[in-house]
Amino acid sequence: MFGKVLIANRGEIALRVHRACREMGIRTVAVHSTADADAMHVRLADEAICIGPPSATDSYLNIPAIISAAEIAQADAIHPGYGFLSENARFAEIVEKHKIVWIGPDPEHIRKMGDKVEAKRTAAMLGLPLVPGSDGPVTSNEEALQVASEIGYPVLVKAASGGGGRGMKVIPDAASLPGLIAQAKAEAKAAFGDDTVYIEKYLSEPRHIEFQVFGDGKGGAVHMGERDCSLQRRHQKVLEEAPSPALNAETRAEMGEIVRQAVAKLKYRGAGTMEFLYEDGKFYFIEMNTRLQVEHPVTEAVTGIDLVREQIRVAAGLPLSVTQEQIRFEGHAIECRINAEDPATFSPSPGRVTDFHAPGGLHVRVDSALYDGYRIPPYYDSLIAKLIVYGANRNDALMRLRRALEEFVIHGPKTTIPLHQALIEDPEFIDGEYSIKWLERWLAKRAAG
Ligand code: MV4
């Protein structure tokens, strides 16, 4: 096992990785920008190295600075967390070239899945169900019109280098197709430097259901069930839960086995997430994320498995600690993402935390790097805490969530706690009846009074 791991991230996820390392007897190296000198992960790590100024481009995305830090500290491995360099295939390759272990998938798998057209091609080969659409990129209006008339309008044009909804357009009819494809290509070129686009049938009210998968890199693979992440605002997840209120155990087992076999065939190593849209009882693969996700704790709650520990184990060449048969899905977990934002306008609200009290008690978990007196810097993502509750069933989890949100005190910056408090009182949410469209509609109604 590794003696020392460098954590190439900040905030709650740097702390999450540090905790897993510590529990495995591994020493940790924190890297940080000048704005994060007083951060919790820096305080707790065995060593800390400043890698640059506040701007993420010059610090948490600064590959030479991070590699230098790893060499100076003689770290055996690097854990990238999520975001930043976690899905940068080139970084993963550079790490490996320096004889440092990359705690993540094979760089080739990261690269393949980063290209959405390539990812769909791979998914099709692996037998995953796809949204009907173009077979690869569309290269002319004639071809696009042909595909669209075969699958029927409305269709969706998506950027091959996209993700997070950027460079995506709904095309209602043939007349508007050429103009909208041109727009999508221009946006994709500007955002990603790649104007490759493809077409899919537009699903109007799906749920976003993703499966957690894990591979040992040698053909051993498990699935850890699904998370329902339909509640999003502008492609930012707000609340996630496991299991999905829309699935039963039979559907989960069936779909889980399909994704497990796909991951095994790929000889995938480490943690991954297969994203699907789910509509009218059918699954459609859209993307695969080759990293640990923000919402991984809901999976940890319903399976009892430490996902970061598993990542570290397989990176060190050890087998997964569980077989598929040993994985039991029990109870229900819900995560609320708490952001330092105005709960009405969502504008960022950085600044000094004058009072901090995290809820506790049975089955309540708070992943946060906040502390009393901490100054939330304005340079990074506004996620400041994740509240994860577990219960025997969805109703128990909801009752516990209500109680935990009530106990949570974060004074100073504005937070989205009140938003979550209102959201979980909505009868449709309580019934679990929501699609990817639901939250934005709910917010619009609320804003209108
Ligand atoms: C779709 C879709 C409807 N039909 N694909 C948005 C980001 C990217 N990950 C995929 N996305 C979507 N793809 C087809 N064929 C609707 C979305 C979508 C969405 C998906 C998941 C969660 C929230 C969403 C919000 C708007 C649109």
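Computed from a predicted model, the values in this text were never measured in an experiment.

Rules and cut-offs
- Residues numbered from 1 in each chain as written.
- Predicted model: local features only at pLDDT ≥ 70, side-chain atom pairs only at ≥ 80, totals over all residues.
- Heavy atoms only, no water.
- Buried < 20%, exposed > 50% of the residue type's maximum accessible area, 1.4 Å probe, protein only.
- Helix = DSSP H or I, 4+ residues; strand = E, 2+ residues; numbered from the N terminus.
- Arc of directions from axis to C-beta.
- Contact = heavy atoms within 4.5 Å.
- Near = heavy atom within 4 Å.
- Polar contact = N/O pair within 3.5 Å; in protein donor to acceptor, adjacent residues only side chain to side chain.
- Areas by Shrake-Rupley, 256 points an atom, 1.4 Å probe, with all protein chains shown as cover.
- Nonpolar A, V, L, I, M, F, W, Y, C, P; charged D, E, K, R; others polar.
- Domains from an automatic or database assignment.
- Core = buried A, V, L, I, M, F, W, Y, C linked by side-chain atoms within 4.5 Å.
- Salt bridge = Lys/Arg side-chain N within 4 Å of Asp/Glu carboxyl O.
- Phe/Tyr/Trp six-rings, centres within 6.5 Å; stacked < 30°, edge-to-face > 60°.
- Lys NZ or Arg CZ within 6 Å of the ring centre and 35° of its normal.

Draft legend 1. Structural context of helix H7 (residues 141-151). Among all positions of H7, only Ala144, Val147 and Ala148 are buried. With its buried residues spanning 100° around the axis, H7 presents them on a single face. Across from the buried face of H7, at angles greater than 90 degrees, the exposed residues are Glu142, Ser149 and Glu150. Of the surrounding secondary structure, the elements contacted by the buried residues of H7 are strand S6 (155-159), helix H8 (177-192) and strand S8 (197-201). Glycine 152 occupies a position one or two residues after H7 and carries a positive phi of about 90°.

Draft legend 2. Geometry of the site of the ligand. Within the structure, the ligand sits among 17 residues, and Lys158, Glu200, Lys201, Leu203 and Glu287 are positioned closest to it. A distance of 3.0 Å separates a nitrogen atom of the ligand from a polar backbone atom of leucine 203. Considered on its own, the ligand offers 520 Å² of accessible surface; in the complex 89% of this is hidden by protein. Those elements that provide at least two residues to the shell around the ligand are S6, S8, strand S12 (269-279) and strand S13 (282-289). Here the shell around the ligand is built from residues that sort into eight nonpolar, four polar and five charged. Split by domain, the shell around the ligand shows at least three residues from each of two domains, domain 2 (132-201) and domain 3 (207-447).

Draft legend 3. Examining the nonpolar core more closely. Formed by 37 residues in total, the largest nonpolar core has its most connected members in Leu387, Phe408 and Ile410. When residues of this core are traced back to their parent elements, those giving at least two are strand S11 (236-242), strand S14 (332-339), strand S17 (364-368), strand S19 (383-391), helix H12 (394-407), helix H13 (417-423) and helix H15 (438-448). With five residues, H12 is the single largest residue contributor to this core. Those residues within four positions of leucine 387 in sequence are excluded, and the remaining contacts are Ile334, Glu335, Cys336, Ile338, Pro359, Val364, Arg365, Val366, Leu401, Ala404, Leu405 and Phe408. With 29 residues, the next largest nonpolar core counts Ile13, Cys21, Ile26 and Ala271 among its residues.

Draft legend 4. Quick peek at the environment of arginine 207. Along the chain, arginine 207 falls in strand S9 (residues 207-216). Expressed as a C-alpha distance, the spacing of arginine 207 and glutamate 279, which sit 72 residues apart in the sequence, is 6.5 Å.

Draft legend 5. Here's a closer look at the pattern of salt bridges. With the rule as written, the count across this model stands at 30 salt bridges. Residues glutamate 300 and arginine 16 are paired through a salt bridge, measuring 2.7 Å at the closest nitrogen-oxygen approach. Of the two residues, glutamate 300 is situated in helix H10 (residues 296-303) and arginine 16 in helix H1 (residues 11-23); the sequence distance between them amounts to 284 residues. In this structure arginine 16 comes out as buried when scored by relative accessible area, which is 6%. Taking the shortest distance from any N to any O, the salt bridge between glutamate 425 and arginine 402 comes out at 2.6 Å. In this pair, glutamate 425 sits in the loop between H13 and helix H14 (427-430) while arginine 402 sits in helix H12, placing the two residues 23 residues apart along the sequence. For glutamate 425, a relative accessible area of 40% corresponds to the partly exposed category. One salt-bridge network, in which partners are shared between bridges, spans Glu210, Arg227, Lys237, Glu240, Glu295 and Arg337.

Draft legend 6. Structural context of the packing of aromatic side chains. The final tally for this structure, using the stated rule, is 13 aromatic pairs. Judged by centre distance (6.2 Å) and plane angle (90°), the ring pair of phenylalanine 211 and phenylalanine 276 falls under edge-to-face. Separated by 65 residues along the polypeptide, phenylalanine 211 in strand S9 and phenylalanine 276 in strand S12 bring together distant segments of the chain. Judged by its relative accessible area of 0%, phenylalanine 211 falls in the buried class. Judged by centre distance (5.2 Å) and plane angle (55°), the rings of tyrosine 371 and tyrosine 374 are tilted. Grouping aromatic residues by their ring pairs yields a cluster made of Phe211, Phe276, Tyr278, Phe283 and Phe285. The ring of phenylalanine 346 carries the charged tip of arginine 233 above its face, separated from the ring centre by 3.8 Å. A cation over an aromatic ring shows up here: arginine 394 above the ring of phenylalanine 429, its NZ or CZ 4.9 Å from the ring centre.

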